Amino acid sequence: MENENADALTGKKIFFLNPSAIIKNEIAYELIHQEYEVYYAADPVKLRRVLKKYGDSVVLINIDEGLPIKDWDIWIRTVLGDPATTEISIGVVSAVHNPAMEQKYVSSMELPCGFTFINKSDILKSIKQIYAILQKVDARGRRKYLRAASENESLTTINIPHNGRFLNGVIKDISAAGFSCAFKEDPDLEKNYLCHDIQIKLQSVILKTEAIVFGARMDGLAKIYVFLFTQRIDPDVRIKIRMYIQSIMQAKMDILLLQ
């Protein structure tokens, strides 16, 4: 029950196993920008090991490549037959429209996420089908925004003009809604203070935006400020932030997949 409550709050991890280019560039891209927690995996053996740690995840398998169909079926049955991963929500995607195959995965194997035909001529329809599947298994839960902690403070910085000078700091974590940061010198910013012309550096990406001070907290001797972006934020900035977050999470997952 504790895991179920956690899932409702934080959502589930979604793994695209053996994804094609169109899955990455079209389907997963859209999911990322709807705040789903998306990962890619190429090796079914390594992914199965990781799934033992995240036994409430969603796995969508591209069965068109990688393994013969019979071997994909064995992998699916093995995962669902393991007590550590029996709650995994598995689905199959394919660019081949095969009613018999759909019948097998939906009716015979009764996969929670069924079968989705990736129609390259109507990718929007396929995306809507994936959305419906993920909503069915409550993949996003009640979480509104994904947040990523900065991995390298020298590569995630902030610069704010303030009273004729610039406030320089480092970003601690960030989401499409806002960020937290610490400054080299405490500027003693008040709650609801509006900061214009903020420059955020996320690795090699430079973003310009504005935000208000939501509050502050102490972390040891450091004062951490929390900012919320205003409604005037450029939509392209949110897109870049989400892609940064996904890259950070994917990098961490890649480490687990290699262990």
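Model, not experiment: these values are computed from the prediction. (Residues numbered from 1 in each chain as written. Predicted model: local features only at pLDDT ≥ 70, side-chain atom pairs only at ≥ 80, totals over all residues. Heavy atoms only, no water.)

**A word on the state of the cysteines**
- Tallied over the full model, the rule gives zero disulfides.
- Among the cysteines around Cys181, which has no disulfide bond, Cys195 carries the closest sulfur, lying 8.6 Å off. (Disulfide = S-S within 2.5 Å.)

**Some thoughts on the side chain of Thr230**
- Within the secondary structure, Thr230 sits in the loop between β12 (222-229) and α7 (235-258).
- With relative accessibility at 12%, the residue Thr230 sits in the buried group.
- There is a polar contact of 2.8 Å between the side chain of Thr230 and the side chain of Glu210.
- With near-sequence residues (within four places) excluded, Thr230 lies in contact with Leu194, Glu210, Ala211, Ile212 and Arg238. (Helix = DSSP H or I, 4+ residues; strand = E, 2+ residues; numbered from the N terminus. Buried < 20%, exposed > 50% of the residue type's maximum accessible area, 1.4 Å probe, protein only. Polar contact = N/O pair within 3.5 Å; in protein donor to acceptor, adjacent residues only side chain to side chain. Contact = heavy atoms within 4.5 Å.)

**Notes on the sheet that holds strand β2 (residues 37-41)**
- The strand order across the open sheet formed by five strands is β2-β1-β3-β4-β5, and the pairing between neighbours is parallel. Looking at the sheet topology across the chains shown, the edges are occupied by β2 and β5 (115-117). Direction aside, neighbouring strands of the sheet carry axes that sit 25° apart on average.
- Bridge analysis of strand β1 (residues 13-17) against strand β3 (residues 58-62) gives four bridges, and the strand direction is parallel. Considered in β3, the bridge of Phe16 is made with Leu60.
- Together, β1, β2 and β3 form the strand contacts of helix α3 (residues 44-51), whose direction differs from that of β1 by roughly 165°.
- Set on the sheet, α7 makes contact with β1 and β2; between it and β2 the angle comes to about 45°. (Pairing = 2+ DSSP bridges. Axes fitted to C-alpha atoms, helices over the stretch in contact; angles between N-to-C directions.)

**Quick notes on the nonpolar core**
- One finds Val59, Trp75, Phe179 and Phe227 to be the most contacted residues of the largest nonpolar core, which totals 54 residues.
- The element best represented in this core is α7, accounting for nine residues.
- Among residues more than four places away in sequence, those in contact with Phe227 are Ile160, Ala177, Gly178, Phe179, Cys181, Phe183, Leu189, Cys195, Ala211, Ile212, Val213 and Phe214.
- In terms of nonpolar packing, the next biggest core, distinct from the first, is built from 23 residues, Val38, Val58, Cys113 and Ile123 among them. (Core = buried A, V, L, I, M, F, W, Y, C linked by side-chain atoms within 4.5 Å.)

**Section: unusual backbone geometry**
- One non-glycine residue, Glu35, lies in the positive phi region at around 70°.
- By the secondary structure assignment, Glu35 is in the loop between α2 (21-32) and β2.
- With relative accessibility at 5%, the residue Glu35 sits in the buried group.
- A positive phi angle, near 55°, is found at Asp188, a position not held by glycine.
- According to the relative accessible area criterion, Asp188 is exposed, its value standing at 57%.

**Let's talk about the pairing of strand β9 (residues 178-183)**
- Summarising burial for β9: six of the six residues are buried, a large majority.
- Of the two faces of β9, the one lined by Gly178, Ser180 and Ala182 and the one lined by Phe179, Cys181 and Phe183 are each fully buried.
- Here five bridges tie strand β8 (residues 165-174) to β9, and the two strands are oriented antiparallel to one another. Note that in β9 the partner of Gly169 across the bridge is Phe183.
- Between the antiparallel neighbours β8 and β9 lie three residues.
- Looking at chain direction, β9 and β12 are connected through four bridges and run antiparallel. Note that in β12 the partner of Phe179 across the bridge is Phe227.

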